[in-house]
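Structural features, examined
Here's the letter readout for the chains.
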Amino acid sequence: MEKYFQRQSKVADWKDEEIAQQVILLLGVGGIGCTCAMALCRLGVKKVILVDRDVVEESNLNRQILFGVKDVGRPKVEAAAENLQLHCIRTELVAHHIDAVEHWDLVVNAASEATAVFNAIDFGAYFDLAVTSLCVARGLSYTAASSYSHSSIIERFVPGADEPCWVCNNSDFDPAVVAQVTPDKILSLKRLPVPPHPPTDLTAAQVGSSVCPCSIASHLMVAGWVNGLCKYALPHWAMLSLAEFNMSGFRVDKNPHCIICGTPPTNTTPSGPAAAAAPAEAAGAGAGAGAGAGVDGVAVALLGRGADHAAGTLAPCSPEPSTLSTTGCADSSEIIESARPSLRRRNTLKLTLPAASFNTRTASSCEAPSKL
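Residues numbered from 1 in each chain as written. Predicted model: local features only at pLDDT ≥ 70, side-chain atom pairs only at ≥ 80, totals over all residues. Heavy atoms only, no water.

**Brief notes about the pattern of salt bridges**
Going through the model one piece at a time under the given rule, you end up with 10 salt bridges. The shortest N-O distance in the salt bridge between arginine 191 and glutamate 102 comes to 3.1 Å. Separated by 89 residues along the polypeptide, arginine 191 in the loop between helix H7 (175-178) and helix H8 (204-207) and glutamate 102 in the loop between strand S3 (92-96) and helix H5 (104-111) bring together distant segments of the chain. Since its relative accessible area comes to 42%, arginine 191 is described here as partly exposed. Sharing partners across several salt bridges, the network here consists of Lys70, Asp71, Arg74, Glu78 and Glu82. (Salt bridge = Lys/Arg side-chain N within 4 Å of Asp/Glu carboxyl O. Helix = DSSP H or I, 4+ residues; strand = E, 2+ residues; numbered from the N terminus. Buried < 20%, exposed > 50% of the residue type's maximum accessible area, 1.4 Å probe, protein only.)

In structure tokens form, the structure reads like this:
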């Protein structure tokens, strides 16, 4: 079996034995989830648990690379599991054709054997909050991605007492809803009491998406997770604009008053497979100069994550949070109208790819990538 993975095992700091023990709970098998699943299988993780409620539609085929015309009308997880066989070398596949909101107890059960959660379900901010709460309760890393137009966005948070969670970077939630999905309650729910996207949110169908930003977002999502295992300090949030070949990212401050991770619940001790993965993951994104936090809201909801979601962009050229603007930033000038002053970004990492060279620019003393 080792011969199949000998090329990647030569990568500096690569942890093939650790990768081979990983169990990934992949929520959503759409434009993001399809490519994630393929990449995870090619990496040789131990198991991928697929969860999706949808069937394949004609409009999916331009970017959801596991499906063909013959799959239209089939459950996505069924078609994905079948078509992933070509990519499976040592990976076991488990498929659940379920609605994650309506059958949350099955998601919780699947998470009990997972070592990481990839969130690619486009249901809304409250679903993302609930998945984050599940990750905090189980001691699992949370990774999400979205794509729209010419942009790919990824987010990654790891467990740890000093580590922020996805909710530290977002607020404006209804306290009554949040109170029902906190880490001390999330494991006992049979159904998620969370609302979907508000009708004011733009969708990928309105903004547009293609195979390029979808696939790139997915590979960045998987690469960020792998590099975390290799103990690289990474930004918690990053965006790549394919229109300008410009990438920016930032780290998030731990919010001691966070409604999800601020006060550790009594049942957040990792158990089972997660217990072994949590320390390494926590170290993977622990240190790093600078941080940024707080995305309370934008015209296009940054809170919503998932397959092809039309997530808003934080303009990398904006110098001050109080005057956040998209002027001069490709893709976003007509999409994002404003962002709240509570948005804080420091030591932003900016990667430009002019011609045939790579230049890393930093706003302060922060360097990327750095090694812990």
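**Looking at the nonpolar core**
Counting residues in each nonpolar core, the largest one holds 51 residues, and the members touching the most others are Leu25, Leu27, Trp104, Phe127, Ile186 and Leu192. For this core, the secondary-structure elements that each account for two or more residues are strand S1 (23-27), strand S2 (47-51), H5, helix H6 (125-138), strand S5 (141-148), strand S6 (151-157), H7 and strand S8 (237-241). Tallying contributions element by element places H6 first for this core, with nine residues. Ignoring sequence-local partners within four residues, the contact set of leucine 192 consists of Val101, Trp104, Phe127, Ala130, Val181 and Ile186. (Core = buried A, V, L, I, M, F, W, Y, C linked by side-chain atoms within 4.5 Å. Contact = heavy atoms within 4.5 Å.)

**Some details on the packing of aromatic side chains**
Given two aromatic rings, one states the distance between the centres and the angle between the planes to describe the pair. Evaluation of the coordinates by the stated rule reveals seven aromatic pairs. Each ring, one from phenylalanine 123 and one from phenylalanine 127, has its centre 6.2 Å from the other, and the planes form 65 degrees; the classification is edge-to-face. The pair formed by phenylalanine 123 and phenylalanine 127 is uniform in burial state, with each residue classed as buried. Three or more aromatic residues joined by ring pairs form one cluster here, namely Tyr126, Tyr142, Trp166 and Phe173. (Phe/Tyr/Trp six-rings, centres within 6.5 Å; stacked < 30°, edge-to-face > 60°.)

**Overview of the packing of helix H3 (residues 31-43) against helix H9 (residues 211-229)**
Working note: a packed helix pair is described by the angle between its axes plus the distance between those axes. Orientation of H3 relative to H9, taken along the N-to-C sense of each, is 45 degrees, at an axis distance of 8 Å. On the basis of their axis angle, the class for H3 and H9 is oblique. Of the two possible hands of crossing, H3 and H9 adopt the one that is right-handed. Between H3, through Gly31, Ile32, Thr35, Cys36, Met38, Ala39, Leu40 and Leu43, and H9, the contact on the second element is made entirely by Cys214, Ser215, Ala217, Ser218, His219, Met221, Val222, Trp225 and Val226. Of the residues assigned to the contact of H3 with H9, the class counts are 12 nonpolar, five polar and no charged. (Axes fitted to C-alpha atoms, helices over the stretch in contact; angles between N-to-C directions. Parallel < 35°, antiparallel > 145°, perpendicular 65-115°, else oblique. Left-handed = near helix turned anticlockwise from the far one by under 90°. Nonpolar A, V, L, I, M, F, W, Y, C, P; charged D, E, K, R; others polar.)

**A word on the packing of H5 against H6**
Close contact between H5 and H6 brings their axes to 11 Å; oriented N to C, the two are set at 35 degrees. By crossing handedness, the relation of H5 to H6 is classed as right-handed. Within the contact between the two elements, H5 uses Trp104, Val107, Val108 and Ala111 and H6 uses Phe127, Ala130, Val131, Leu134 and Arg138. Per-class residue counts for the contact of H5 with H6 are eight nonpolar, no polar and one charged.

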